Amino acid sequence: MVDIPEHLLLRSAEARAKALGITVEQALAEMKGESAPTVVDDKPEVIEVDLPTPVEAEAPAPVETPKVEAAPAKAEAPAPVETPKVEEAPAKAEAPAPAKAATPAPPKADTPEEVDFAPEVKVTQRLLTVVKAKPIQKAASEPVDKVNTWPHLMLPEFISLMAMMAFLILLSAILQAPLLEEANPNITPNPAKAPWYFLGLQEALSYWDPQIAGVMIPLVIGLIGFAAIPYIDRNKENNPSKRKYAIMMYTFFLAGAGTLTIIGVLFRGPGWNWTYPWIDGIWFDDLLDWIYFE
Amino acid sequence: MAKLTLKERFKKVSAGSGDAARASKFATSIFRPGSPFRKGYSDSPRNRSYVVMNNVLYHLHPVKVKRHGVRLSYTLCLGGMSFFLFIVLTITGIWLMFYFRPTEMAYADIQALQTSVAFGSLVRNMHRWGAHLMVLVVFLHMSRVFYHGAYKAPREFNWVIGVILLFLTLFLSFTGYLLPWDQLAIWAVTVGGNMASYTPVFGAQIKFGLFAGLEATTATLLRFYVLHVLFFPFIIVIFMAIHFWRVRKDGGISGPL
Ligand code: HEM
């Protein structure tokens, strides 16, 4: 079991003692499992009573437990209202008497001092509501199967970071980043290629009107279209078999973008003419060191 | 006292001194209760929670995560990789800034970096390949999110943030591309700038604003430099913070499928 700090234990014991009307030591002992827990009669706090005629109010059938003496069932005349009260006497709670369970009728008791509020005033009381004891907080979400972040998430994260770092250092040690001649605005290389992530776009530019390919595709489809996906796709399912259409569309997009990029990187030479990388070579300087790798 | 072997003696001394150091006022002022670096840390469920909850880590991670979310096969760690690559790029990038001037000297500085600075070539390569890798990984992360349908309620807006992050990543990479100031850099950026100039109505103005002139000059170099080392990193960090915050507020990782 988790060891709860003493001061926290004491604090909750005090709260429990106050709530049940037992002593703090008693509550503490109960929480530590050294003595049997006090059981409380949980009848509603409000009951209906007809006034003004003095009556013999019947308290709801007292729950009989071995440990707690049931509340007195009948109140005598002077009491206009009968409030069934939880037996709070610590002495009684402390003396477990299992035999009591069998006792047929609890002793009659007068409880004038408990109910003696303004007995001379003849008031009529009505039942407004019955307040049932309920937890004030409701668990809205269902319990999920969770694990501690440390170590179950952070360790794999750490290992992946190390793996990625090792990969990057190795790559950088083997492959040299390209550095061509100094920039010269007067000498235009043929072909002039954009960075690879824009090469699909550059390839598309060579088919269509630049206003469509250069602006409509990246801005309208890329930025606005992509950002709008969650608001367009109102299908709530996230099981792949129930969103085949969405998956198909995205896969088309991936295939198209991938194809255009690969063509732009590998299959385009001088004058943006079609070339075969294995025949004519590759015109893509970021790959220089990959191509001439010894 | 029994005679100790050298190994045992070493163990005893090192364990004792470690404990003393870890129990010192100084060490306990650094490591909050529950840190594994504090003396007396033991592996218990409560301490496992404290490791996260009582540390700065709590800004990034909740104490507990869904069991399926920690399987590497679910996120493939792609989002985390994007973030990690960004950190690596920040560190290597700051290091590169020591040796780089965004002027006519830019090309010479890169040459000097590669030939006469210790680890210069390695760090430059790490920064460049790391940047390419980050574009790729962010893209793969987006694809993984799409295939999981992880953009659905309540995560719609985090997807929008993600699209912004994707574009910021592209802008970061693109502005960095010009900095070596070689033929590859200037012409790739010229091609990119020409694409932007096809924008209807104010295409020419966009290109002029981007290039600080009609074509790529050293004024463009300075502009791209400032955007690359200051403006876009600043913006992307803000959006990343929102992104991570939303991942948590939207109920942690999506799924299971
Ligand atoms: C700089 C770029 C980015 C970084 C550093 C980043 C980081 C992260 C991280 C660490 C997570 C946690 C789960 C995981 O690792 O998969 C995540 C989740 C998520 N990301 Fe990103 N991300 C980036 C770009 C994007 C992009 C481009 C998109 C989509 C267009 C996106 C959309 C999402 C969504 C919707 C989630 C929630 C996924 C889920 O709950 O399963 N992010 N991101």
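Residues numbered from 1 in each chain as written. Chains lettered and ligands numbered in written order. Predicted model: local features only at pLDDT ≥ 70, side-chain atom pairs only at ≥ 80, totals over all residues. Heavy atoms only, no water.

J.: Help me understand the overall build of chain A in this model?
T.: Within chain A one finds 11 helices and 1 strand. Taken from N to C terminus, the helices and strands of chain A fall in the order α-α-α-α-β-α-α-α-α-α-α-α. The long-range share in chain A, meaning contacts at least 24 apart out of those at least 6 apart in sequence, stands at 52%. Taken as a whole, chain A presents about 19300 Å² of accessible surface, with 64% of it coming from carbon and sulfur. (Helix = DSSP H or I, 4+ residues; strand = E, 2+ residues; numbered from the N terminus. Contact = heavy atoms within 4.5 Å. Areas by Shrake-Rupley, 256 points an atom, 1.4 Å probe, with all protein chains shown as cover.)

J.: Is there a simple way to think about the interface of chain B and chain A in this case?
T.: Interfaces are often described in size by the accessible area the parts lose on coming together. The interface of chain B with chain A comprises 74 residues on the first partner and 78 residues on the second. At the boundary of chain B with chain A, total buried surface from both sides reaches about 7300 Å², with 69% on carbon and sulfur atoms. There are 2 salt bridges connecting chain B and chain A. Scanning the region where chain B abuts chain A turns up 35 residue pairs in polar contact (both at pLDDT 80 or more). Looking at the side of chain B that touches chain A, the elements that each hand over two or more residues are helix 3 (45–53), strand 1 (64–66), helix 5 (78–97), helix 6 (106–116), helix 7 (120–147), helix 8 (156–177) and helix 9 (183–196) of chain B. By residue number, the principal contributor to the side of chain B that touches chain A is helix 7 of chain B, which donates 17 residues. In this structure, strand 1 (residues 146–148) of chain A lies alongside strand 1 of chain B, joined through 3 bridges in antiparallel fashion. Of the residues in strand 1 of chain B, the one forming a bridge with A:Asn148 is B:Lys64. (Buried area = accessible area lost by both parts, 1.4 Å probe. Salt bridge = Lys/Arg side-chain N within 4 Å of Asp/Glu carboxyl O. Polar contact = N/O pair within 3.5 Å; in protein donor to acceptor, adjacent residues only side chain to side chain. Pairing = 2+ DSSP bridges.)

J.: Sorry, what's going on with the domain arrangement of chain B here?
T.: When its domains are assigned, chain B resolves into domain 1 (20–64) and domain 2 (70–249). For domain 1 of chain B versus domain 2 of chain B, the separation of C-alpha centres amounts to 36 Å. (Domains from an automatic or database assignment.)

J.: Explanation requested: the packing of helix 6 of chain B against helix 7 of chain B in the structure shown.
T.: A pair of packed helices is characterised by two quantities: the angle between their axes and the separation of those axes. Residue and element names in this part refer to chain B. Between helix 6 and helix 7, whose axes approach to 6 Å, the crossing angle comes to 120°. When the axis of helix 6 is compared with that of helix 7, the two are oblique. Side by side, helix 6 and helix 7 meet where Ile110, Leu113 and Gln114 of the first sit next to Gly120, Ser121 and Arg124 of the second. Split into classes, the residues belonging to the contact of helix 6 with helix 7 amount to 2 nonpolar, 3 polar and 1 charged. (Axes fitted to C-alpha atoms, helices over the stretch in contact; angles between N-to-C directions. Parallel < 35°, antiparallel > 145°, perpendicular 65-115°, else oblique. Nonpolar A, V, L, I, M, F, W, Y, C, P; charged D, E, K, R; others polar.)

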